[in-house]
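A look at the structure
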Amino acid sequence: MAAYAALLSLVRSINQILDLEQHIDPLHKEKIISLHEKVDSIVTFLEDYSGKHRGRHDRVGNEIRNAAYEAQDFMDSYLGSVSTTHDDRSSSEAHRDHEVSLDRDLDMAFERIDFIWDETTKMKNRDTAEDLRSRTFSSPVDHLSTVEVTVNKVVEFDDDLNAIKECVYEDLSKLQIIPIVGMGGIGKTTLARRTYEDSLRSQYFDILAWTTLSGEYQRRDALLQLLQSFKKYTTDRNERSGESEAQLATLVHKNLSGRRYLIVIDDIWSTKAWDDLKMSFPDNDNGSRILLTTRLSDVAVYAGSSGIPIHQMKLLNEDQSWKLLEEKVFGKESCPLHLVELGKEVARNCKGLPLTIVVVAGMLLSSGNTMEVESWESILENISSIESTISSQCSKILCLSYDWLPLRLKPCFLYIATFPEDFEIDVSELIMLWVAEGFLKQSNQSKCLEDVGKGCLEDLVNRNLILMSKKGPDGELVAVGIHDLLRKICITKAEEDGFFHHVSSTRNVCIDAIENPKRRLRAHTLEEWDTQDSSVRSIFYCVEPWNCPTLSPKFRHLSVLNSPSVTWLDLSRVISAFVNLSLKKLTLRGVPFPWENMTIIGSLPDLQVLKIVENGIERNSEWTTMEGQFLRLKHFYSSLDYLVKWEVEKDHLPSLESLILKNVWSIDEIPYGLGDIDSLLLIELLLCGKSLVNSAMRIQEQQHENGNYAFQVSLSNKKFEFVWNKDFCSTYNPRK
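Okay, so let's go over this structure. Every chain is numbered independently, its residues counted from 1 as its sequence is written. Per-residue local features of the predicted model are confined to residues with pLDDT of at least 70, and side-chain atom pairs are confined, for both listing and counting, to 80 or more; whole-chain, interface and lining totals are unaffected and use all residues. Side-chain calculation: all heavy atoms of the structure are included, whereas hydrogens and water are not.

Observations concerning the sheet that holds strand β4 (residues 289-294)
Note the following rule: The rule for pairing is simple: two strands pair if DSSP sees at least two bridges between them. Secondary structure elements are defined from DSSP: runs of H or I of at least 4 residues count as helices, runs of E of at least 2 residues count as strands, and each element is numbered from the N terminus. The contact rule is simple, with two residues in contact once any of their heavy atoms fall within 4.5 Å. A fitted line through C-alpha atoms represents every axis, and for helices the fit uses only the stretch in contact; the resulting angles, taken between N-to-C directions, go from 0 to 180 degrees.
Across the sheet, which stays open at both edges, the five strands sit in the order β2-β3-β4-β1-β5 with parallel pairing between neighbours. Unpaired on one side and paired on the other, β2 (207-212) and β5 (311-312) mark the two borders of the sheet. Relative to β5, strand β1 (residues 176-181) is paired through two bridges, and the arrangement is parallel. Residue pairing across strands places Ile-180 opposite His-311, the latter belonging to β5. Each of β2 and β3 (261-266) is contacted by helix α9 (residues 219-230), which is oriented at about 150° to β2, the strand it contacts most.

Here it is, written out as structure tokens:
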């Protein structure tokens, strides 16, 4: 996975270079486009390869990742050189040295990409049809026994059971497919098993059968499982393993024809699996039912019968968690009164996942002292230290969800673990960070990256890997969360793949002590960081209040800095470090600072995109731009909080292309000097006052009089939703 993420980041760096095509030597441009096409081809191959080799992590993947990182380093070095070439007034000798440096960077990048190309070619050659036939697939029967041993009879699930039984025994003659959906370990299989056993006792159905598909689905195995289940209802004792899939499917259909049946299809992972099997299930118009369990909402919607609600399993509340823990530890007996409060606290720490509660109960039982306060206190006091034990026992089930993610979603999913535990993650912030990291691919050019990010987020929610935390008034998702166990799996996978590293809280941290690669760092409060390595691209601070560290100037390729709320003093220290870096995009949200100090931000030499919102500063502020500031700023978006006077002259924002203002009421007009900026193409006003609109229209007249007919004003009084192209992404986005 990390190899794939590294290649996506490389593509982002190449795109940044191509955006400066007017400053690139034509011969270089041709080579860079060729490089881009080659990397795109490798990315596409890895997406396809990952679908066939799920869960595989090997030496080759690490080598590809490291080579992609090295190629990005050379391309970023090239980018830094090209960015300053057109401002360079150095001697011809220095210019020649500069050209030699550019050639070297390109050649070294090509060398690393050629290595990756050779490695992926070897992977293609190994991935023959014979290879695929010889692969060992997990046995569905083994998968079933593992799950059942772990979670069988987890909890009574009375409300869930009653809801499912109502659908099963409802007076509808047509065949009905009833889906049960939820995250791994939440009790789907247990609920299906309870329904199945209840139906066995009721003798309502003529024939019952169970098949477990698992991720590595094989149609033949599923059909054989069904036929094996049928034997108790038929006189057919023939061995069927030698028959073809078509013959097996016909036999299943024949055994079910004319009978009222209940089939359980457990752990189905794809719509294809359902398409493969559904023709074997006749509609006998006699009340037959198919119950299926899945972690994927889209599979449930696809397979479920019209009019039959999808049964969404939810995490247990605190009372249900305690009831389950009490039942697993004490059986039919009640918990002694002196242990009740301790027991409830232990249950609360299991965060509502039945599988976790079962594992904790097993640990208590293994102690042999379930009646002793000390045993429960030990579990409670050491809950964090025993989480690794819990995770290891649960991971076989939960890791399946990660292993079967499409490769395009894996970086996005792992990235969520950079946020603190039990944190409510703002959806817009998360998507902006994905964009800034380069994780999102545009499959079609009409779709902006934010929409691609929303699609990825919806996919993760539908796979029950991310929890919906908060919705807006219009029903749109605005905040998400992740269960602690899944988050720990993310951290483990990320560390294994070198996707990001966690740095513990300490003084004078030497980044070089961390094993390579160290592209992304997730840290607690750090006062000083030192490094001889410039490879760090992203830094995340996890706790408040933020104690801003002294960043080494050698973090020259830093592109993402994400932290809790900060003071202007802290921020100015960070920006001072960035003056020597190539910071191109900056988002400030909820950072209080005086507009008079915009000169500090304006001193960033490469800043092209600036977004400032919710900056809660003192009222009646003024901002007068200065010559020599914001020389490369192309896009500016803000709510201009409490700004009452804004003055701009033509030469002060010489590269500005778009100005987007939202909910601005504190000033009456847009600076008239913007009308003389030749590069300006758009002023967009959202929920702004009439006087501001009038001033924008006057600027439009001025621009058109100057011959800039491409300039336009866009107005909207509708609910604002920020949508922008690939250039507008966040490199600094403090959390609330």
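Describing the state of the cysteines
Under the convention used in this document: Here, the term disulfide refers to a pair of cysteine sulfur atoms separated by no more than 2.5 Å.
Across all of its chains, the model carries zero disulfides by this definition. Counting only cysteine sulfurs, Cys-412 is the nearest neighbor of Cys-456, a cysteine outside any disulfide, at a range of 4.6 Å.

Some thoughts on the packing of helix α19 (residues 427-437) against helix α20 (residues 449-462)
Here is the rule we go by: When an angle is under 35 degrees it counts as roughly parallel; over 145 it counts as roughly antiparallel; between 65 and 115 it counts as roughly perpendicular; any other value is oblique. Crossings are assigned a handedness: left-handed for a near helix turned anticlockwise from the far helix by less than a right angle, right-handed for a clockwise turn.
Across the interface, α19 lies against α20 with an axial gap of 9 Å and an inter-helix angle of 115°. On the basis of their axis angle, the class for α19 and α20 is roughly perpendicular. Like other packed secondary-structure pairs, α19 and α20 cross with a definite hand, here right-handed. For the pair α19 and α20, contact is made by Val-427, Leu-430, Ile-431, Trp-434 and Val-435 and by Leu-449, Glu-450, Gly-453, Lys-454, Cys-456, Leu-457 and Leu-460, respectively.

Brief notes about the sheet that holds strand β20 (residues 658-662)
Sheet architecture is open: six strands sit in the order β15-β16-β18-β20-β21-β22, paired in parallel fashion. Pairing within the sheet leaves two strands with one partner each, and these edge strands are β15 (585-589) and β22 (712-716). Across the sheet, the mean angle separating the axes of adjacent strands is 5° when strand polarity is ignored. As defined by bridge partners, strand β16 (residues 609-613) adjoins strand β18 (residues 635-638) across four bridges and the pair is classed as parallel. Its bridge partner being in β18, Val-609 is matched across the sheet by His-635.

A few points about the nonpolar core
In a soluble, globular protein the nonpolar side chains are often hidden away together inside. For clarity, the cut-off: Nine residue types can take part in a nonpolar core, namely buried Ala, Val, Leu, Ile, Met, Phe, Trp, Tyr and Cys, and a core is a set of them joined through side-chain atoms within 4.5 Å. Buried, partly exposed and exposed residues are distinguished by accessible area as a fraction of the type maximum, computed with a 1.4 Å probe on protein chains only: under 20%, between the cut-offs, and over 50%, respectively.
In terms of nonpolar packing, the biggest core is built from 104 residues, with Leu-7, Phe-413, Trp-434 and Leu-460 touching the most fellow members. Considering each element in turn, this core owes the most residues, eleven residues, to helix α1 (residues 2-18).

Quick look at unusual backbone geometry
Here Asp-267, not a glycine, exhibits a phi torsion of approximately 65°, which is positive. Its location among the elements puts Asp-267 in the loop between β3 and α11 (271-278). Taking relative accessible area as the criterion, Asp-267 reaches 7% and is therefore assigned buried. A positive phi angle, close to 60°, is found at Leu-687, a residue other than glycine. Mapped onto the secondary structure, Leu-687 falls in the loop between β21 (682-686) and α24 (690-705).

Points about the packing of aromatic side chains
Formally: Here a pair means two rings of Phe, Tyr or Trp (six-membered ring of Trp) with centres within 6.5 Å. Their orientation is stacked below 30 degrees between planes, edge-to-face above 60, and tilted elsewhere. Geometrically, a charge over a ring is one whose NZ (Lys) or CZ (Arg) sits within 6 Å of the ring centre while staying within 35 degrees of the ring normal.
In the structure shown here, the tally under the stated rule is 17 aromatic pairs. Arranged with centres 6.3 Å apart and planes meeting at 25°, the rings of Trp-274 and Phe-281 form a pair that is stacked. Assigned by exposure class, Trp-274 and Phe-281 land together as buried. A centroid spacing of 5.3 Å and a plane angle of 80° characterise the contact between Tyr-415 and Phe-540, whose relative ring orientation is edge-to-face. You can see Tyr-415 sitting in helix α18 (residues 410-415) and its partner Phe-540 sitting in strand β13 (residues 538-541), a full 125 residues away along the chain. Looking at Tyr-415, the relative accessible area reads 0%, which means it is buried. Through a chain of ring-to-ring contacts, three or more aromatic side chains come together here, namely Tyr-415, Phe-439, Phe-499, Phe-500 and Phe-540. Here the basic side chain of Arg-260 rests over the ring of Tyr-204, its NZ or CZ set 4.2 Å away from the ring centre.

Re α20
Just so we agree on the cut-off: To estimate how far a helix should extend, the number of its residues minus one is multiplied by 1.5 Å.
Helix length check: α20 (14 residues) gives 20 Å between terminal C-alpha atoms against 20 Å at 1.5 Å per residue, within 8%. Buried residues dominate α20, accounting for ten of its 14 residues. Every buried residue of α20 is listed here: Leu-449, Glu-450, Val-452, Gly-453, Lys-454, Cys-456, Leu-457, Asp-459, Leu-460 and Val-461. For α20, the secondary structure elements touched by its buried residues are α18, α19, β7 (467-471) and β8 (477-481).

Focus on the pairing of strand β11 (residues 520-523)
Residues Arg-520 and Arg-522 of β11 are buried on one face, and the alternating residues Leu-521 and Ala-523, pointing to the opposite face, are buried as well. Two elements, β11 and β13, share four bridges in a ladder whose sense is parallel. Within β13, the residue paired with Arg-522 across the bridge is Phe-540.

Some details on the pattern of salt bridges
Definition in use: Note on definitions: salt bridges are taken to be side-chain nitrogens of Lys or Arg within 4 Å of carboxyl oxygens of Asp or Glu.
As enumerated under the stated definition, the model contains 24 salt bridges in all. In this structure, Asp-275 and Lys-278 form a salt bridge, with 3.3 Å as the shortest nitrogen-oxygen distance. Note that Asp-275 and Lys-278 are positioned in helix α11 at a spacing of three residues, about one turn of the helix. Linking Lys-645 and Glu-647 is a salt bridge whose minimum nitrogen-to-oxygen distance equals 3.2 Å. Judged by its relative accessible area of 39%, Lys-645 falls in the partly exposed class. On the accessibility criterion, Glu-647 (35% relative accessible area) is partly exposed.

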